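Now for the letters of each chain:
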Amino acid sequence: MYSIFYFLIWAFLLVFPKGGFKIGDIPITWGYLLLGIATLSWCLKKHWIIHTPRMILFLCTVPFQCIGIATYLLNGTEDLGLALSLWISFCFLPFSLFVIFSHEIETLHLSTLLNRSKNALLLLASYGIFLFLYKMLTGQFIEIPLLTTNLGDWGTLEDKCINRGFLFKLISTYNNGNVFGVCILILLPLYSVIESSKWRQGLVKLALLLTLSRAVWIGLIFSEMTCATWMYYNNQISRYKFFIRIAASLGAIASFLLVFALYFDIPYDFFVDPSLGGRSNYFASLSDATLFASKPLQNIAEATYLGILNSLGISGLFAFLLAMTAPIYIGIFKPHRTHIQSGILLGLVNYLFVAIAEGALVNIPTLCFYWFMASLLASRTPDALMS
């Protein structure tokens, strides 16, 4: 019974992350709602089994939690929904995935989970490409309210930031190309480990390219290079295959972008935008930074680190970096790391890199994936990941 319930949670989080409804302007999604119910039910248990690495990861999020809550209590907020999203992302999710489900994640039958996740990613990419072409040919989106679209957003997809002028971004069931791209980049290195089919890997990468997000494009290039470099330094491929792999990956991405630009007559400055997609304005926060925030809690900008600096001050940025890099340290210094754990680690590194320009920090389900992957990486034994 519990295994079916957990499967439903993962299915809604991964495949239908936007399915749900709204209370006012606050989205209630099925995945987060089910995770909340599961967390509440486990809180009522008399005995919790918390493994030390996960407790360390949770404690590393506490300084950021305290700074965020203190900023809200002292200065208020410009957006209550933002404050709630931050609380869910940095209080509820770490507590749930590092503390409450510490034992359950440790004992997951991961071969089943990984196979289902592999199939789900292929489904997401395939549906995303289909929807991209359908919109391009018919001018319409396919929306299933309460499932692929939040009931409160039904019929308003075109009002979201997904229109490039010449095309709409690939959004799959995530309703936003950047959020879809960032989430898939977290999972991509692991997917490359568990999926041996090159054409299926290529389909997922094609979906990332069709997000039309320059941050996602750069993230994909970074992922390809870091994965190849990791394999080379761990003696999984020879130097010759390393250079061939890098050349093939970069050549394929460059060829796609060239053909894409020529076919749709896209100007050069779309690819080399001096304003960085409007993000250059965020650099002003560097000169205005203070140790603690003295203004109401603001929306976190796409450029995540600058957004945190602007919203929560220098102390908030350091606390954020502590929370986000703690899983990386655990992964790097983990003895006898498996290929699966290496894929998880590289996915977390992908996020920290792409967050420079586009972190989708408070968007559902970005940090749910990040913390869940971090919790898997903190498993006590490599064998647990290979069961």
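Quick note: structure is the one above.
Residues numbered from 1 in each chain as written. Predicted model: local features only at pLDDT ≥ 70, side-chain atom pairs only at ≥ 80, totals over all residues. Heavy atoms only, no water.

Enumeration according to the criterion identifies 5 salt bridges in this entry. Of the charged contacts, one joins Lys-135 and Glu-158 as a salt bridge, the two residues approaching to 2.4 Å between their closest N and O atoms. In this pair, Lys-135 is assigned in helix H6 (residues 110-138) and Glu-158 in the loop between H6 and helix H7 (177-194), connecting sequence segments 23 residues apart. Residues Lys-205 and Glu-224 are paired through a salt bridge, measuring 3.0 Å at the closest nitrogen-oxygen approach. (Salt bridge = Lys/Arg side-chain N within 4 Å of Asp/Glu carboxyl O. Helix = DSSP H or I, 4+ residues; strand = E, 2+ residues; numbered from the N terminus.)

By the secondary structure assignment, Thr-39 is in helix H2 (residues 30-43). For Thr-39, the side chain forms a polar contact with the main-chain oxygen of Leu-35, separated by 2.8 Å. Dropping the residues within four chain positions of it, Thr-39 is found in contact with Phe-92, Phe-95, Ser-96, Ile-100 and Phe-101. (Polar contact = N/O pair within 3.5 Å; in protein donor to acceptor, adjacent residues only side chain to side chain. Contact = heavy atoms within 4.5 Å.)

Bringing helix H3 (residues 52-75) into the picture now. With 24 residues, H3 ought to run about 34 Å at 1.5 Å a step, and its terminal C-alpha atoms sit 35 Å apart, in line with that. Along H3, the residues that are buried comprise Arg-54, Leu-57, Phe-58, Cys-60, Thr-61, Phe-64, Gln-65, Ile-67, Gly-68 and Thr-71. Against the buried residues of H3 lie helix H4 (80-100), helix H5 (102-106), helix H12 (304-332) and helix H14 (366-377). Two residues or fewer past H3, Gly-76 is found with a positive phi of approximately 75 degrees. (Expected span 1.5 Å × (residues − 1). Buried < 20%, exposed > 50% of the residue type's maximum accessible area, 1.4 Å probe, protein only.)

It is worth spelling out the environment of Pro-17 at this point. By the element assignment, Pro-17 lies in the loop between helix H1 (2-14) and strand E1 (20-23). Take Pro-17: its relative accessible area is 2%, and that puts it in the buried class. In sequence terms Pro-17 and Asn-150 are 133 residues apart; their C-alpha atoms lie 9.2 Å from each other. Residues in contact with Pro-17, not counting those within four places in the same chain, are Phe-12, Thr-29, Thr-173, Tyr-174, Ile-364 and Pro-365.

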